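Here are the chains, one letter per residue:
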Amino acid sequence: MFSDEIEKISWEETTREIYAKTDTDVQRALGKEYPDIEDFKALISPAAAPYLEVMARLSRQYTLQRFGKTISMYIHLYLTNSCTNSCIYCGFNHNNPMARVILTDEEIINEYKAIKKLAPFENLLLITGENPAKAGVDYIERALKMAKPYFSNLQIEVMPLKTEEYYRLTRAGLNRVICFQETYNKANYKTYHPRGMKSRFKWRINGFDRMGQAGVHKIGMGVLIGLEEWRTDVTMIAHHLRYLQKHYWKTRYSVNFPRMRSSKSGFQPNIVMSDRELAQLTFAMRIFDRDVDISYSTRESAAFRNNMATLGVTSMSTESKTEPGGYFTYPQALEQFHVSDERTALQMEKDLRSLGREPV
C-alpha cells in the first residue's frame with residue numbers, strides 16, 4: 001500500500017531538495033529521454049523558471065505525439081451537498097448552516113436530460129459529498145445505472161470506497177474514479193480535515209490502491225493547490241503515480257491541480273500559485289510522463305485554459321454547476337465554489353476548434 005511507501009519519503013527533505021536544484025539540474029532534466037523523480041523536482045523548482053519557453057515547446061511536442069490535438073470535454077453533476085466531514089476549506093463542511101440536498105431518482109434523470117440539451121455530452125462526472133449512510137454505494141450505483149442510457153463514459157468523485165465496492169460500481173458502468181488526496185503532508189493533514197471519515201489519512205491515500213485492485217479503468221489524482229507547499233505536494237503525486245503505474249499497469253491515470261478559492265466556510269488559501277507557476281507545473285508533468293492525462297477544471301479562466309489547451313492539457317470540464325441539481329432541479333442551491341470559466345459547452349467547443357484542437 002502506498003501508505004507504507006510515503007513513510008519512506010521525508011516532506012521536509014523533499015522540500016529542501018527541490019529548492020536546492022540548480023540550472024545544471026534543469027538542463028540535465030530537459031535533455032533526458034525518460035526523466036525520473038529528481039528531474040521532476042528540477043523542472044518544478046524555481047531554477048526552472050527561466051526555461052518556461054523550452055518546457056512549453058517540449059510539452060506541446062509530447063502532447064501532440066501521444067494525444068494528437070484531442071481535448072476531452074466532460075461535465076460535472078453534483079448529486080448531493082450532504083456531507084459528514086468538517087473540512088475547513090470546503091463550502092459543503094458539515095458545520096456550515098445550509099440546506100442539504102440529495103437528488104431523488106426522478107431529479108437525477110431530469111438533470112441527465114437537462115445536460116444532454118446543453119450539448120451532446122458523453123463524458124459525465126458524478127460528484128457527492130461524503131455521506132455514506134444517505135448517499136452511499138447503493139445510491140451511487142443507482143445513479144450510474146440510470147446514466148447509462150444517456151452517457152457512454154461515466155466517472156465519479158465520491159468518498160473513498162472498499163475494493164469490492166469499486167468493483168461493484170465498475171459492473172454498473174463506472175469507467176473512472178477521481179479522488180483528491182488534498183495534501184500529502186501527513187503532519188498537517190488533520191488540521192484541514194479535523195472530523196469525519198476524511199480525517200483518516202491512511203484510508204484516503206490507500207483508496208488509490210483499492211481502485212487499482214478493483215480494476216478501475218482510469219484513476220484521477222490531485223492535490224488542492226493552496227493548502228501546503230505546492231512543489232512538495234506535486235512531487236508526492238509524482239511518487240504516487242510511479243508507484244501506481246508499477247503495481248496497476250493496466251490502469252490509465254490522470255492528474256489535476258485545482259487552485260483553491262475562498263469558500264463559504266471563510267477559508268483563505270495558504271499558498272497562492274501564479275499562472276506562470278501552474279503552467280510550469282503542467283509542462284513539468286507532461287515532460288515527466290507523456291501518457292498521463294492532464295485535466296483543468298472551470299476554476300481556471302477561459303483565456304488561461306485556451307492557452308494551455310495547445311501546450312499540454314488534454315481534458316477539461318465545461319459548463320460546470322457546483323451545486324446539486326444545478327442544471328434543472330435546484331438552480332439556487334449553495335455551490336461548492338464559484339467557477340471562473342463560465343462559457344457554455346458549445347462556446348468552449350467553438351473556441352477550442354478555432355485553436356486547432358479537436359474537442360471530444
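Just so you know, these numbers come straight off a predicted model, no measurement behind them.

**Student:** Please clarify how the pattern of salt bridges should be interpreted in this entry.
**Tutor:** When charged atoms on two side chains of opposite charge get close, those side chains can pair. Applying the stated criterion across every chain, the model contains 28 salt bridges. Between Glu5 and Lys8 there is a salt bridge, with the nearest N and O atoms lying 3.3 Å from each other. Given the relative accessible area of 64%, Lys8 is considered exposed. Measuring nitrogen to oxygen at the nearest pair gives 2.8 Å for the salt bridge that ties Glu38 to Lys41. Taken together, the residues span about one helical turn, with Glu38 and Lys41 both in helix H4 (residues 37-44) at a distance of three residues. Lys41 gets classed as buried once you look at its relative accessible area, which sits at 3%. One continuous salt-bridge network, built from bridges that share partners, spans Glu17, Lys21, Glu38 and Lys41.

**Student:** Looking at this model, I keep getting lost on the pairing of strand E7 (residues 293-296). Mind explaining?
**Tutor:** Within a regular beta strand, the side chains point alternately toward one face of the sheet and then the other, so they alternate between its two faces. The side-chain alternation of E7 yields two buried faces, one formed by Asp293 and Ser295 and the other by Ile294 and Tyr296. Of the strand pairs in this sheet, strand E6 (residues 252-256) and E7 are connected by three bridges, and their pairing is parallel. Looking at the pairing, Val255 lines up with Ile294 of E7. Across two bridges, E7 lies against strand E8 (residues 315-317) in parallel orientation. Within the sheet, the bridge partner assigned to Tyr296 lies in E8 and is Met316.

**Student:** Mind showing me how you'd approach the packing of aromatic side chains here?
**Tutor:** Inspection of every chain in the model, using the stated rule, returns eight aromatic pairs. Between the aromatic rings of Phe40 and Phe288, the centroid separation amounts to 5.2 Å while the plane-to-plane angle is 50 degrees, which identifies the pairing as tilted. Within this pair, whereas Phe40 is found in helix H4, its partner Phe288 is found in helix H13 (residues 275-288), the two being separated by 248 residues in sequence. Each member of the pair, Phe40 as well as Phe288, carries the same accessibility label: buried. When the ring of Tyr296 is compared with that of Phe304, the centres are 5.9 Å apart and the planes differ by 15 degrees; the resulting orientation is stacked. With respect to burial, Tyr296 and Phe304 carry one shared label: buried. Feature note: the residues Tyr112, Tyr150 and Phe151 constitute an aromatic cluster, connected by ring pairs.

**Student:** Explain the nonpolar core here, please?
**Tutor:** Buried together is how nonpolar side chains tend to be arranged in soluble globular proteins. Judged by nonpolar contacts, the single largest core of 102 residues is most densely connected at Tyr112, Leu124, Tyr184 and Met285. When sequence neighbours within four positions are dropped, the list of residues in contact with Met285 reads Phe40, Ile237, Leu241, Val255, Phe257, Val292 and Ile294. Listed in part, the 16 residues of the second largest apolar core include Tyr78, Tyr89, Phe180 and Leu227.

**Student:** Looking at this structure, I do not really get the layout of surface pockets. What am I missing?
**Tutor:** The gaps left among the atoms become clear once a water-sized probe is rolled over them. If you add up the space inside the largest pocket, you get close to 270 Å³. In terms of lining, the largest pocket is formed by 16 residues, of which the most central are Ser72, Asn153, Lys218, Arg252 and Asp293. Counting only elements with at least two residues in the lining of the largest pocket, the list comes to strand E1 (70-78), strand E3 (153-157) and strand E4 (174-178).

**Student:** Is there a simple way to think about the packing of H4 against H13 in this case?
**Tutor:** Each packed pair of helices is defined by two parameters, the angle between the axes and the distance between the axes. Between H4 and H13, whose axes approach to 9 Å, the crossing angle comes to 160 degrees. In this view, H4 runs roughly antiparallel relative to H13, as classed from their interaxial angle. Considering only the axes of H4 and H13, their crossing is right-handed. Contacts from Ile37, Phe40, Leu43 and Ile44 in H4 reach Gln280, Leu281, Ala284, Met285, Ile287 and Phe288 in H13. Residue composition of the contact of H4 with H13, by class: nine nonpolar, one polar and no charged.

**Student:** When you look at helix H3 (residues 23-30) in this model, what are you seeing that I'm missing?
**Tutor:** Among the residues of H3, those classed as buried are Asp25, Val26, Ala29 and Leu30. Projection of H3 onto a plane perpendicular to its axis shows the buried side chains occupying an angular sector of 130 degrees, all on one side. On its buried face, H3 sits against H4, helix H5 (52-67) and H13.

Quick notes on the rules
- Residues numbered from 1 in each chain as written.
- Predicted model: local features only at pLDDT ≥ 70, side-chain atom pairs only at ≥ 80, totals over all residues.
- Heavy atoms only, no water.
- Salt bridge = Lys/Arg side-chain N within 4 Å of Asp/Glu carboxyl O.
- Buried < 20%, exposed > 50% of the residue type's maximum accessible area, 1.4 Å probe, protein only.
- Helix = DSSP H or I, 4+ residues; strand = E, 2+ residues; numbered from the N terminus.
- Pairing = 2+ DSSP bridges.
- Phe/Tyr/Trp six-rings, centres within 6.5 Å; stacked < 30°, edge-to-face > 60°.
- Core = buried A, V, L, I, M, F, W, Y, C linked by side-chain atoms within 4.5 Å.
- Contact = heavy atoms within 4.5 Å.
- 1 Å grid on protein atoms, 1.4 Å probe; cavity = no way out; pocket = protein on both sides within 12 Å on 5 of 7 lines; lining within 4 Å.
- Points joined across faces, edges and corners; volume = space filled by probe spheres on them.
- Axes fitted to C-alpha atoms, helices over the stretch in contact; angles between N-to-C directions.
- Parallel < 35°, antiparallel > 145°, perpendicular 65-115°, else oblique.
- Left-handed = near helix turned anticlockwise from the far one by under 90°.
- Nonpolar A, V, L, I, M, F, W, Y, C, P; charged D, E, K, R; others polar.
- Arc of directions from axis to C-beta.

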